[in-house]
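# Summary of structural features
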Amino acid sequence: MGINIGICVMDAKNAPCKEYRSDIVKVHVDNLDGLEDYLEYDLVVDLDTAKGAVDDWDSFIKRNRINPETDAIYMDKVKKESDKELLLPLAEKVATGWMFLEGTPDGIHDMALARSSEENRMTGWDMLDFDEMNEMCSNCPLSWDKGRGCIGAFGPDNSLLPEIAGRHDCPIVASVPESAKTKRIFTSSEAEDLLRECEILKKALPEEGKMMVRRYSGPVERMEAVTRVSISEGCGFYFF
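Criteria and thresholds
- Numbering of residues starts from 1 in each chain and follows the order in which that chain's sequence is written.
- Only residues with pLDDT of at least 70 get local features here, since the model is predicted, and only at 80 or more are side-chain atom pairs given and counted; chain-wide, interface and lining totals rely on the full set of residues.
- With hydrogens and water set aside, each side-chain value is computed from the structure's full complement of heavy atoms.
- Note on conventions: DSSP H or I runs of at least 4 residues are helices, E runs of at least 2 residues are strands, and numbering of each starts at the N terminus.
- Only C-alpha atoms enter the radius of gyration; for comparison, a globular chain is expected to reach 2.2 Å times N to the power 0.38, where N is the number of residues.
- Burial classes: relative accessible area under 20% of the type maximum marks a residue as buried, over 50% as exposed, and values in between as partly exposed (1.4 Å probe, protein chains only).
- We call two residues in contact when some of their heavy atoms are within 4.5 Å.
- Reported accessibility uses the Shrake-Rupley method at a 1.4 Å probe radius. Residues are deemed covered only where the shown protein chains occlude them.
- Counted as positive: Lys and Arg. Counted as negative: Asp and Glu. His and the chain ends are not counted at all.
- To locate a charge, take atom NZ for lysine, CZ for arginine, CG for aspartate or CD for glutamate.
- For patch building, the residue pool is restricted to those with more than 30% relative accessible area and no salt bridge; the joining distance is 9 Å between like charges and 5 Å between nonpolar side chains (Val, Leu, Ile, Met, Phe, Trp, Tyr).
- Should a side-chain nitrogen of Lys or Arg be within 4 Å of a carboxyl oxygen of Asp or Glu, the pair is scored as a salt bridge.
- Here the rule is simple: two strands pair whenever DSSP picks up at least two bridges between them.
- Two aromatic rings from Phe, Tyr or Trp, using only the six-membered ring of Trp, form a pair when their centres are within 6.5 Å; if the ring planes differ by under 30 degrees the pair is stacked, by over 60 it is edge-to-face, and anything between is tilted.
- Every axis in this analysis is a line fitted to C-alpha atoms, fitted for helices over the stretch in contact. Angles between the N-to-C directions lie between 0 and 180 degrees.

## Description of the overall build of the chain
When helices and strands are counted, the chain shows 12 helices and 9 strands. Against the compact-globule benchmark of 18 Å for 240 residues, the chain has a radius of gyration of 25 Å, which places it well outside the compact range. With the C-alpha coordinates aligned to their principal axes, the bounding extent of the chain is approximately 75 × 45 × 30 Å. Looking at the chain residue by residue over its 240 residues, the buried ones come to 39%. The contacts of the chain with a sequence gap of at least 6 include a subset with a gap of at least 24, amounting to 73%. Only carbon and sulfur atoms are counted for the fraction: they give 49% of the accessible area of the chain, which is about 14,100 Å². Measuring between centres, the 29 positive side-chain charges of the chain sit 9 Å from its 46 negative side-chain charges.

## Some points on a negative patch on the surface
A contiguous patch of negative charge on the surface is contributed by Asp129, Asp131, Glu132 and Glu135. Counting through the fold element by element, Glu135 comes out in helix α7 (residues 130-138). Overall, Glu135 belongs to the exposed group, its relative accessible area being 54%.

## Structural notes on the pattern of salt bridges
The full count for this structure, using the stated rule, is 11 salt bridges. For the salt bridge of Glu40 with Lys26, the shortest nitrogen-to-oxygen distance reads 3.1 Å. Of the two residues, Glu40 sits in strand β3 (residues 39-46) while Lys26 sits in strand β2 (residues 24-28), which places them 14 residues apart along the sequence. Judged by relative accessible area, Glu40 falls into the partly exposed class, the value being 26%. A salt bridge links Lys202 to Glu224, with the shortest nitrogen-to-oxygen separation between them at 3.0 Å. Of this pair, Lys202 sits in helix α11 (residues 188-208) while Glu224 sits in helix α12 (residues 210-233), and the two are 22 residues apart along the sequence. Three or more residues are tied together by salt bridges with common partners; here these are Glu199, Lys202, Glu224 and Arg228.

## Describing the pairing of β2
Regular strands place side chains that alternate from one sheet face to the opposite one. Pairing analysis gives 3 bridges linking β2 to strand β6 (residues 121-123), with the strands arranged antiparallel. Bridge pairing in β6 links Val27 to Arg121.

## What about the packing of aromatic side chains?
One pass over the structure, following the stated rule, counts 6 aromatic pairs. A centroid spacing of 5.1 Å and a plane angle of 10 degrees characterise the contact between Phe186 and Phe237, whose relative ring orientation is stacked. With Phe186 in strand β8 (residues 185-186) and Phe237 in strand β9 (residues 237-239), the pair connects residues that are 51 residues apart, well separated along the chain. Phe237 carries the same exposure label as Phe186, and that label is buried. Here the aromatic rings of Phe237 and Phe239 are separated by 6.2 Å at their centres, their planes lie at 80 degrees, and the arrangement is edge-to-face. Of the two residues, Phe237 and Phe239, both sit in the buried class.

## Quick look at the sheet that holds strand β5 (residues 92-100)
Think of a sheet as strands paired side by side through backbone hydrogen bonds, with each pair either parallel or antiparallel. The 5 strands are arranged β4-β3-β5-β2-β6 in an open sheet whose pairing can be described as antiparallel. The open sheet has two free edges, formed respectively by β4 (72-74) and β6, since each of these has just one partner strand. Strand-to-strand, the axes of this sheet are offset by a mean angle of 35 degrees, without reference to chain direction. Seen against the sheet, helix α5 (residues 106-114) touches β2, β5 and β6 and runs at an angle of roughly 60 degrees to β2.

Take it as geometry only, folks, not as evidence of what the structure does.
In structure tokens, the structure reads:
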């Protein structure tokens, strides 16, 4: 397992993704009652029904590239038009539990949100494809990890850097494993303290030996980059 470093983008002044991340677009609800007209549905054919309708089951599975271990046939997975025409009349609508919020009446919108948990919500950011995300991150002022984004690696959870930091009076770096466990959020003012610790560690690592320099110069540089963004944007940072 490894430990990463992240920036609190929602508190940053210039994060272009904030608007996307704050816009809840799609939710999965636990209770479907009253939301039937707004839910997404799959067209599904029961496995036994599908097998009874298809002459050569093995050929059907192969030509449509369907997992042989499937427990039902989802029509959106059927590739061949002739097979679609055969099975479509046998398909039933099955609610996925997911629904888009845009365009729903206020009462329905609020009901769906109330019935969804935090981890079962998709924002506008989640709906972007990889290329769109990559383009936004590469041009973002918070993209401290060499244009790759605002999250990067601190190192493995057995890193010796916290131990080294403890010997050189660098409490923030020394506490990184514990901070990752407790999900502590550091403030922008604490970023100034971490920046000072990075300066101390850059001088201390050569004293610890060439191996320590090779292993831990990168994490120190990344923490330094994080602190500069945290200070300039007035946002916090965290280890996870």
